[in-house]
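Now for the letters of each chain:
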Amino acid sequence: MLTIQNYVKAKSLEEAYTLNQARNARIAGGMMWMRLGNARVKTIIDLSDLGLDEIEETDHVFRIGAMCTLRQLELHEGLRDMYGDSIAECVRHIVGVQFRNQATVGGSIYGRYGFSDVLTCFLALDTFVELYNGGTIRLSEFIKRKKDKDILVSIIVRKSKRKLRYESIRRTRTDFPVLACAVVTGLVHGKECWYFSVGARPQKAALLEKEWSITKDCPEEELRKYAREAADSFSYSSNMRGSAEYRRHLAEVLIYRAMRSILAEV
């Protein structure tokens, strides 16, 4: 049971940050996971009046406010035009529409949960996080940091001609993923780069970058070797949803499927 002593709707990020420095204070996002825990919270801080619930698209970036819901990601036309159905695919299995209408992008990213589809997907893209006190840093750097009392303001995805595919395996339709995988390819400084993000290992997502030049007519067996090499670069563990060996096998299969799908579009 979650017990809250004080509720404060912050009037500014500065106020929210100051309040959050107290030891027993927490930021409230959608509270979809927090409310399921057992805790006594002295002060809960609501950011809903700070204008962080919009997805801003410019010529160069998508700026996704921390209070945007997963449903907004799922329906956003700009993200769909840029990345096809992959962004929507990474959230569509998360419980149901009612849940996705409340769960926030900021909560999914800041929590750095091992099961997070959202974290796995955005990690493979050219993604940054904007922190109130810590400035703007790469998502790949942020997930390695210890949790602190900073506030996540927005997620920034730089636009580029990169192709994205998202794959996951679940035991049942709305369950946590047994394994999740995002694959991205594109030109970086004139070189073809592949990015592989594997989450629900069951540890939080990790990122792999490879400078591979792979043509559309790449033989199937050679493509499988690439997928095998990528899958072998990650570590896996066992839990109630699957063994480490099973997850390693799934990673190779999902990476292969994603690479094959991307190459078919070239």
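Because the structure is a prediction, the values reported are computed rather than measured.

**Student:** Looking at this structure, I do not really get the packing of aromatic side chains. What am I missing?
**Tutor:** Both the distance between ring centres and the angle between the ring planes are used here to describe each pair of aromatic rings. Within this structure, the stated rule accounts for eight aromatic pairs. Ring geometry for Trp194 against Phe196: centres 6.3 Å apart, planes inclined by 10°, an arrangement best described as stacked. Here the two residues Trp194 and Phe196 agree in accessibility, since each one is buried. Ring geometry for Trp212 versus Tyr226: centroids 4.7 Å apart, planes at 50°, classification tilted. On the criterion of sequence distance, the pair formed by Trp212 in the loop between strand E12 (206-210) and helix H9 (220-232) and Tyr226 in helix H9 is long-range, its members being 14 residues apart. Residues Trp212 and Tyr226 agree in their burial class; the two are buried. Here Arg112 stacks its cationic end above the ring of Tyr110, 5.1 Å away from the centre of that ring. Seen from the ring of Tyr256, Arg224 lies directly overhead, with NZ or CZ sitting 4.0 Å from the centre.

**Student:** Help me understand the side chain of Thr185, please; the structure alone is not making it clear to me.
**Tutor:** Following the sequence through the fold, Thr185 ends up in strand E10 (residues 177-188). A relative accessible area of 8% means that Thr185 is categorised as buried. Not counting chain neighbours up to four residues away, the residues in contact with Thr185 comprise Lys161, Arg162, Lys163, Glu192, Cys193, Trp194 and Ile262.

**Student:** I would appreciate a short explanation of the sheet that holds strand E9 (residues 163-170) in the present structure.
**Tutor:** Strand pairing in a sheet takes place through backbone hydrogen bonds and is either antiparallel or parallel in direction. As summarised here, the arrangement of the four strands in space is E9-E10-E11-E12, forming an open sheet in which the pairing is antiparallel. Only two strands of the sheet have a single partner each, and these edge strands are E9 and E12. Each strand of the sheet is rotated relative to its neighbour by a mean of 15°, with strand direction disregarded. Relative to E12, strand E11 (residues 191-199) runs antiparallel, the two being bridged by five bridges. For Val198, the partnering residue across the bridge sits in E12 and is Ala206.

**Student:** Just to check I follow, could you spell out the pattern of salt bridges for this structure?
**Tutor:** Two side chains of opposite charge can pair, provided their charged atoms sit close to one another. Evaluated as defined, the whole model comprises 19 salt bridges. The salt bridge partner of Arg100 is Glu74, with a shortest N-O separation of 2.8 Å. Of the two residues, Arg100 is situated in helix H5 (residues 97-100) and Glu74 in helix H2 (residues 70-75); the sequence distance between them amounts to 26 residues. Residues Arg100 and Glu74 agree in their burial class; the two are buried. Asp175 is the partner of Arg241 in a salt bridge, and the nearest nitrogen-oxygen pair spans 3.0 Å. Here the residue Arg241 occupies a position in the loop between H9 and helix H10 (244-265), and Asp175 occupies one in the loop between E9 and E10, the gap between them amounting to 66 residues. Here the salt bridges do not stand alone but share partners, grouping Glu221, Arg228, Asp232, Arg248 and Glu252 into one network.

What counts as what
- Residues numbered from 1 in each chain as written.
- Predicted model: local features only at pLDDT ≥ 70, side-chain atom pairs only at ≥ 80, totals over all residues.
- Heavy atoms only, no water.
- Phe/Tyr/Trp six-rings, centres within 6.5 Å; stacked < 30°, edge-to-face > 60°.
- Buried < 20%, exposed > 50% of the residue type's maximum accessible area, 1.4 Å probe, protein only.
- Helix = DSSP H or I, 4+ residues; strand = E, 2+ residues; numbered from the N terminus.
- Lys NZ or Arg CZ within 6 Å of the ring centre and 35° of its normal.
- Contact = heavy atoms within 4.5 Å.
- Pairing = 2+ DSSP bridges.
- Axes fitted to C-alpha atoms, helices over the stretch in contact; angles between N-to-C directions.
- Salt bridge = Lys/Arg side-chain N within 4 Å of Asp/Glu carboxyl O.

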